[in-house]
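Read off the chains here:
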Amino acid sequence: PVGFILDGFPRTARQVEIMEGESNGWPHHLRAHFAISIDVPDSICVTKMLGRRICAECGGNFNVNAVNEGGFRMPPTLPNPPCPCNREKNWKMRDDDTESIILKRINDFHAETNPVIVWYETNDRLLRFLPYEGVNDVPLLKSFVTEYLSREN
């Protein structure tokens, strides 16, 4: 099958109206056939976001926090081979990676995207995926989507 993925779109109810409405001029062949909701508990998102680090010396991006709760198992994402830079001196958190800012972003995300999820779910066009192993589950997600597409065609 030939197609494309819109990552993070539509994200608002208005964007769904534009994409899915009959009289708005959005090309029918470019409408989303379905949406995927990657469902991760908020507490796990907070833990992982608080673990993000950027190396000021080499520019590498890492995550120092592990998750092992509710069936989710996500180890730290550390450099391999190990970063030769001084971890204590050079690995920095983003200024906006505080728990209060992260919780506000998560709440804003839910408020904005919940109507989109409800729309696709109501129209039987929502796939839900739980990445229990984090990024290691990307091949499983690909198989899940491929299987869904093969049933639809």
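Residues numbered from 1 in each chain as written. Predicted model: local features only at pLDDT ≥ 70, side-chain atom pairs only at ≥ 80, totals over all residues. Heavy atoms only, no water.

### Brief notes about helix H4 (residues 99-122)
Taking 1.5 Å of rise per residue, the 24 residues of H4 would be expected to cover 34 Å, and the 33 Å separating its terminal C-alpha atoms lies within 8% of that figure. Considered for burial, the residues of H4 that qualify are Ile102, Ile106, Thr113, Val116 and Tyr120. Close packing links the buried residues of H4 with helix H1 (13-20), strand S1 (35-38), helix H2 (42-50) and strand S7 (126-129). Where H4 ends, the next residue or the one after it, Asp124, has phi of about 55 degrees, a positive value. (Helix = DSSP H or I, 4+ residues; strand = E, 2+ residues; numbered from the N terminus. Expected span 1.5 Å × (residues − 1). Buried < 20%, exposed > 50% of the residue type's maximum accessible area, 1.4 Å probe, protein only. Contact = heavy atoms within 4.5 Å.)

### Side note on H1
Inspection of H1 places Val16, Met19 and Glu20 among the buried residues, and these make up the whole buried set. Each buried residue of H1 sits inside an arc of 80 degrees when the element is viewed along its axis, so together they form one side. Looking at the packing, one finds that the buried side of H1 touches H4. (Arc of directions from axis to C-beta.)

### Things to note about the sheet that holds strand S6 (residues 91-92)
Across the sheet, three strands lie side by side as S3-S2-S6; this open sheet has antiparallel pairing. Of all strands in the sheet, those with a lone pairing partner are strand S3 (61-63) and S6, marking the two edges. Relative to S6, strand S2 (residues 52-55) runs antiparallel, the two sharing two bridges. Within S6, the residue paired with Cys55 across the bridge is Trp91. (Pairing = 2+ DSSP bridges.)

### So, the confidence of the model for the chain
The predicted coordinates ought not to be read in detail in places where the model reports low pLDDT. With 97% of its residues at a pLDDT of 70 or more, the chain shows a mean pLDDT of 88. Considering each helix and strand of the chain separately, the mean pLDDT is smallest for helix H3 (residues 87-90), with a value of 84, and largest for H2, with 96. (pLDDT = per-residue confidence, 0-100.)

### Structural notes on the nonpolar core
Judged by nonpolar contacts, Val16, Met19, Ala32, Ala35, Val116, Tyr120 and Leu126 together constitute the single largest core of seven residues. Those residues in contact with Met19 that lie beyond four places of it in its chain are Leu6, Phe9, Pro10, Asn24, Trp26, Arg31, Ala32 and Tyr120. (Core = buried A, V, L, I, M, F, W, Y, C linked by side-chain atoms within 4.5 Å.)

### Points about the environment of Leu149
Considering the arrangement of structural elements, one finds Leu149 in helix H5 (residues 138-152). Sequence separation between Leu149 and His33 is 116 residues, and the spatial gap between their C-alpha atoms is 9.5 Å.

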